[in-house]
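Here's the letter readout for the chains.
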Amino acid sequence: MKRREFIKDTGILLAASPFMNFASNFSSTKKMIVLGMDGMDPLIVYDLMKKGELPNLRKLAEMGSFTKLRTTIPPQSPVAWSSFVTGADPGVYGIYDFIHRDPSNYFPIFSQCETIPSEWIVKIGKYKIPLKSGEVVLKREGTAFWDYLENRDIEATIFKVPGNYPPSKSGQRTISGMGTPDITGGYGMYTLYTTDEEEAQKDISPSHLYYAYINEHDVMEDGIIEGPANDLIKEEENISVPFKVYLDYKHKTARIDIQGKEILISEKEYSDWVEIKFPLIESLKSIYGMVKFYLLEIGKRFRLYISPVHVSPAHPAMAISTPSHYSKELAEKNGLFHTISLPADTKALSQQTFSMENFLTQNGSVFKESEKIFDYEFQRFLDKKKGFLFFYFSELDQGQHMMWALNDKQHPYFHAKESKKFWSERDELYRKHDRILGKVLKKLPKDVPIIVMSDHGFAPFRRKVNINTWLYKEGYLKLGINDLSDDISILEYADWSRTKSYAIGLNGLYINLKGREREGIVTKTEKRKLLEEIKSKLEMLRDPLNGKKVISNAYISEDHFSKDFLDRAPDIIIGYNREYRSDDSSAIGNLVSDSINDNLNWWSGDHCIDPVKVPATFISNFKINKKFPAIKDITPTILRHFGIKTPPSISGKSLI
């Protein structure tokens with residue numbers, strides 16, 4: 001992307017602001033703190049600053065700089081944060097989307113890590129005993145900036161930076177964030193017990209929904225929490241742990257008995273963490289997980305929500321930190337805490353298991369945990385003579401995804417009743433993050449550099465686009481059936497012998513290239529002409545509902561990225577216009593009847609669009625030398641502050 005195009009498209013933020021300073025007044029102290037506030041939008045920040053609602057962010061900006069930050073192509077969290085980690089573009093670190101594809105079979109694959117099972121197994125009775133452990137491999141390439149700090153004996157604490165699961169090998173204090181699975185290997189499979197027969201018959205796969213049978217003594221006796229598959233058993237049975245619930249309708253409370261523990265919760269109360277032991281081999285081998293219980297209702301209906309089974313940081317069943325004892329230290333000092341990829345249960349709200357009130361309660365509990373751990377790490381940072389602290393907050397991103405329609409009357413999922421009650425909650429999230437910064441400004445010496453940053457901004461998501469359906473209607477994707485109906489999968493019905501292009505991922509479009517894809521038909525000499533043709537048609541696409549342009553930029557990957565891991569990239573990355581985003585079904589290779597449809601879901605705000613439409617936020621207490629820095633520029637800025645020369649692999653430029 002050319003710089004002048006970025007400026008032209010996004011406009012000049014804060015052109016008349018008194019706190020836009022661009023020079024160098026950088027401190028020489030050997031300490032630095034970076035607060036990563038996922039999804040913080042610069043236009044919303046500026047608007048709330050003008051209203052006087054973000055006094056600490058404004059104070060920080062007046063001390064130094066406040067500007068838009070160029071995000072990555074595409075502006076997805078694992079892509080953008082990996083740029084921050086490595087100081088480079090996706091071609092260097094090899095992450096282009098949440099979802100990539102395997103060209104050998106066209107299947108969607110998770111981009112951030114890969115599980116490699118053990119090949120050394122001995123069978124004893126019903127058990128399969130691995131003589132050598134399997135492993136989970138981090139797919140992010142390149143060198144993390146904290147490794148350069150470690151080489152200079154500068155201690156760094158990296159709390160939950162996305163795209164670092166499993167945590168890269170390091171002597172630094174790191175704990176994995178986005179990308180970390182639950183104990184079953186999934187990314188948010190909750191459980192609901194309900195006495196509502198109609199609700200009990202809904203399909204919320206892959207989560208679990210059970211009818212709650214309450215006996216004449218007001219007891220639910222047959223509850224189970226499903227754990228991981230036991231791969232030590234030949235049949236690989238799932239391990240389930242039983243529990244009972246004793247209902248007290250008069251006082252609207254319930255007692256949950258599980259593995260000798262008694263948990264008492266009231267209606268609309270979210271419990272503390274409950275650690276659970278899952279036996280693999282009786283009396284010999286077990287692993288630990290943990291859940292929270294949420295008594296949604298007790299009265300006409302009984303509804304009990306059980307969170308996904310998180311990895312317990314006190315007894316981690318898989319590597320989630322470096323060194324391995326770091327997660328245990330945090331658990332000992334601060335109590336158990338969420339470890340799953342994105343802890344706010346957006347699925348529960350989308351699937352109507354949660355009300356908006358329930359979601360706000362659950363997301364708020366995540367923020368409280370983060371704040372408590374931040375207080376601990378910040379005090380530790382203050383006590384050090386030198387060092388670096390990065391701390392990540394996910395709640396603003398997850399909240400905006402789910403609450404955008406509360407403030408958007410043009411959204412097809414706008415609900416007047418919920419809006420009247422909860423319209424202020426999005427802005428309150430910004431105020432909460434502002435108060436975190438307030439703690440820092442109050443205690444941190446003025447000569448210590450502070451950066452508040454996000455990975456992208458936010459936009460309305462009113463209409464969803466199925467690119468596979470569009471490719472089919474344009475003749476680039478061929479099917480082995482004649483009738484197009486909802487949720488037809490290219491994995492099952494594509495005629496690859498006649499297909500030229502297909503889509504996998506939230507922003508990715510691939511050419512069915514001969515010699516690369518299993519059944520590719522497009523030759524290398526034909527590829528460029530086809531890319532230009534598809535790019536032109538995508539950028540001309542108009543919404544039949546309102547005539548609006550759907551895609552503002554279609555980026556041909558080979559024109560924008562370094563070549564190191566360009567082979568992993570989609571051939572085109574689609575930059576949707578504001579209001580539009582990929583249909584989830586298209587992202588996993590499915591088609592629906594119409595190319596563009598209303599988004600009728602609480603997931604109503606998004607950022608997986610054209611990066612020029614959702615710039616990130618940069619605020620610091622020091623002046624910088626660029627009006628519009630890029631997220632990859634922050635890495636060499638950190639290194640330069642600590643006296644480290646920018647390595648050749650880093651293409652970002654220092655801001656000081």
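Residues numbered from 1 in each chain as written. Predicted model: local features only at pLDDT ≥ 70, side-chain atom pairs only at ≥ 80, totals over all residues. Heavy atoms only, no water.

Draft legend 1. Structural context of the overall build of the protein chain. When its secondary structure is counted, the protein chain shows 18 helices and 35 strands. By its C-alpha atoms, the protein chain is 70 × 65 × 60 Å across when sized along the principal axes. For the protein chain, with 656 residues in total, the buried portion stands at 59%. Summing over all exposed atoms, the protein chain offers an accessible surface of approximately 26,800 Å²; the carbon and sulfur share of this is 48%. In the protein chain, 89 positive and 87 negative side-chain charges are present, and the distance between their average locations comes to 8 Å. (Helix = DSSP H or I, 4+ residues; strand = E, 2+ residues; numbered from the N terminus. Buried < 20%, exposed > 50% of the residue type's maximum accessible area, 1.4 Å probe, protein only. Areas by Shrake-Rupley, 256 points an atom, 1.4 Å probe, with all protein chains shown as cover. Lys, Arg positive; Asp, Glu negative; His and termini not counted. Charge placed at Lys NZ, Arg CZ, Asp CG, Glu CD.)

Draft legend 2. Looking closely at the packing of helix 4 (residues 77-86) against helix 18 (residues 634-641). In contact at an axis separation of 6 Å, helix 4 and helix 18 are set at 25 degrees when each is read in the N-to-C sense. Comparing the axis directions of helix 4 and helix 18 gives the class roughly parallel. By crossing handedness, the relation of helix 4 to helix 18 is classed as right-handed. Contacts between helix 4 and helix 18 involve Ser83, Phe84, Val85 and Thr86 from the former and Ile634, Thr635 and Ile638 from the latter. Looking at side-chain class alone, the contact of helix 4 with helix 18 contains 4 nonpolar, 3 polar and no charged residues. (Axes fitted to C-alpha atoms, helices over the stretch in contact; angles between N-to-C directions. Parallel < 35°, antiparallel > 145°, perpendicular 65-115°, else oblique. Left-handed = near helix turned anticlockwise from the far one by under 90°. Contact = heavy atoms within 4.5 Å. Nonpolar A, V, L, I, M, F, W, Y, C, P; charged D, E, K, R; others polar.)

Draft legend 3. The arrangement of the pattern of salt bridges in detail. Under the defined criterion, the tally for this structure stands at 42 salt bridges. Of the charged contacts, one joins aspartate 375 and lysine 439 as a salt bridge, the two residues approaching to 3.0 Å between their closest N and O atoms. Taken together, the residues span a long stretch of sequence, with aspartate 375 in helix 10 (residues 356-382) and lysine 439 in helix 13 (residues 425-443) at a distance of 64 residues. With a relative accessible area of 33%, aspartate 375 lands in the partly exposed category. Its relative accessible area of 29% is what places lysine 439 among the partly exposed residues. Within the structure, one salt-bridge network assembled from shared partners comprises Arg101, Arg516, Glu517, Lys527, Arg528, Glu532, Glu558, Asp559 and Asp571. (Salt bridge = Lys/Arg side-chain N within 4 Å of Asp/Glu carboxyl O.)

Draft legend 4. Seen up close, the sheet that holds strand 30 (residues 572-576). Strand order in the open sheet formed by 4 strands is 27-28-30-29, and the pairing between neighbours is antiparallel. Across the chains shown, the open sheet's two edge strands, defined by having one partner strand only, are strand 27 (501-503) and strand 29 (551-556). Recorded for the sheet is a direction-independent mean angle of 25 degrees between the axes of neighbouring strands. In this structure, strand 28 (residues 508-511) lies alongside strand 30, joined through 2 bridges in antiparallel fashion. Bridge assignment links leucine 509 to a residue of strand 30, and that residue is isoleucine 572. Contacts from helix 16 (residues 524-540) reach strand 27, strand 28, strand 29 and strand 30, with the element oriented near 165 degrees to strand 29. (Pairing = 2+ DSSP bridges.)

Draft legend 5. Examining the packing of aromatic side chains more closely. Considering all chains together, one arrives at 31 aromatic pairs under this definition. A ring pair is formed by phenylalanine 110 and tyrosine 187, whose centres lie 5.1 Å apart and whose planes are at 45 degrees; its orientation type is tilted. Taken together, the positions of phenylalanine 110 in strand 4 (residues 108-110) and tyrosine 187 in the loop between strand 10 (173-175) and strand 11 (191-194) put the pair 77 residues apart, joining distant regions of the chain. An aromatic cluster of at least three residues, connected via ring pairs, comprises Trp81, Phe84, Phe145, Trp146, Phe388, Phe390 and Tyr392. Sitting over the face of the ring of phenylalanine 381, lysine 31 holds its NZ or CZ atom 4.6 Å from the ring centroid. (Phe/Tyr/Trp six-rings, centres within 6.5 Å; stacked < 30°, edge-to-face > 60°. Lys NZ or Arg CZ within 6 Å of the ring centre and 35° of its normal.)

Draft legend 6. Fine view of the sheet that holds strand 35 (residues 616-620). Reading across the sheet, the 8 strands line up as 2-35-24-1-23-9-10-22 and stay open at both edges, with mixed pairing between neighbours. What marks the edges here is a single partner per strand, and that holds for strand 2 (65-69) and strand 22 (321-322). Pairing geometry for strand 9 (residues 156-159) and strand 10, over 3 bridges, is parallel. In the strand pairing of strand 10, phenylalanine 159 is matched with isoleucine 175. Together, strand 2 and strand 35 form the strand contacts of helix 2 (residues 42-50), whose direction differs from that of strand 2 by roughly 150 degrees. Lying on the sheet, helix 8 (residues 326-334) is in contact with strand 9, strand 10 and strand 22; it crosses strand 10 at an angle near 80 degrees.

Draft legend 7. Structural detail: the pairing of strand 28. Alternating residues of strand 28 divide into Gly508 and Tyr510 and Leu509 and Ile511, and every residue in both groups is buried. Sheet analysis places strand 27 next to strand 28, joined by 3 bridges and oriented antiparallel. Note on strand 28: the bridge partner recorded for tyrosine 502 is tyrosine 510. Remark: 4 residues form the turn of the hairpin made by strand 27 and strand 28, two consecutive strands paired antiparallel; glycine 505 in that turn has positive phi of roughly 95 degrees.

Draft legend 8. Up close: the nonpolar core. Ranked by internal contacts, the top residues of the largest apolar core, which has 63 residues, are Ile33 and Phe374. Considering each element in turn, this core owes the most residues, 8 residues, to helix 10. Residues within four places of phenylalanine 374 in sequence aside, it is in contact with Ile33, Leu35, Leu389, Phe391, Phe393, Ile436 and Val440. Residues Val465, Leu530, Ile551 and Ile609 belong to the second largest nonpolar core, which totals 38 residues. (Core = buried A, V, L, I, M, F, W, Y, C linked by side-chain atoms within 4.5 Å.)

Draft legend 9. Just the packing of helix 10 against helix 11 (residues 395-403), in detail. Between helix 10 and helix 11, the least distance of the axes is 10 Å, while the angle of their chain directions is 170 degrees. Judged by the angle between their axes, helix 10 and helix 11 are roughly antiparallel. The segment helix 10 lies against helix 11, with Met356, Phe359, Leu360, Asn363, Val366, Phe367 and Ser370 engaging Glu395, Gln398, Gly399, Met402 and Met403. Classifying every residue of the contact of helix 10 with helix 11 by side-chain character gives 7 nonpolar, 4 polar and 1 charged.

Draft legend 10. Local environment of helix 4. Across the 10 residues that make up helix 4, a large majority, 10, are buried. When helix 4 is considered as a whole, its buried residues turn out to be Ser77, Pro78, Val79, Ala80, Trp81, Ser82, Ser83, Phe84, Val85 and Thr86. For helix 4, the secondary structure elements touched by its buried residues are strand 1 (31-37), helix 5 (90-93), helix 6 (145-151), strand 23 (387-393), strand 24 (450-453) and helix 18. Within two residues after helix 4, glycine 87 carries a phi angle of roughly 70 degrees, on the positive side.

Draft legend 11. Representation of the pairing of strand 23 in the model. The buried fraction of strand 23 is high, at 7 of 7 residues. On strand 23, burial covers both faces: Gly387, Leu389, Phe391 and Phe393 on one face and Phe388, Phe390 and Tyr392 on the other are all buried. Taken together, the 7 bridges between strand 1 and strand 23 define a ladder with parallel strand orientation. Note on strand 23: the bridge partner recorded for methionine 32 is phenylalanine 388.

Draft legend 12. Main features of the side chain of asparagine 590. Relative to the helices and strands, asparagine 590 is located in strand 32 (residues 590-591). Of the residues examined, asparagine 590 reaches a relative accessible area of 12% and is grouped as buried. Apart from the residues lying within four places of it in its own chain, the contact partners of asparagine 590 are Asn466, Asn468, Asp487, Ile488, Ser489 and Ser585.

Function-wise, these values are silent; they only describe arrangement.
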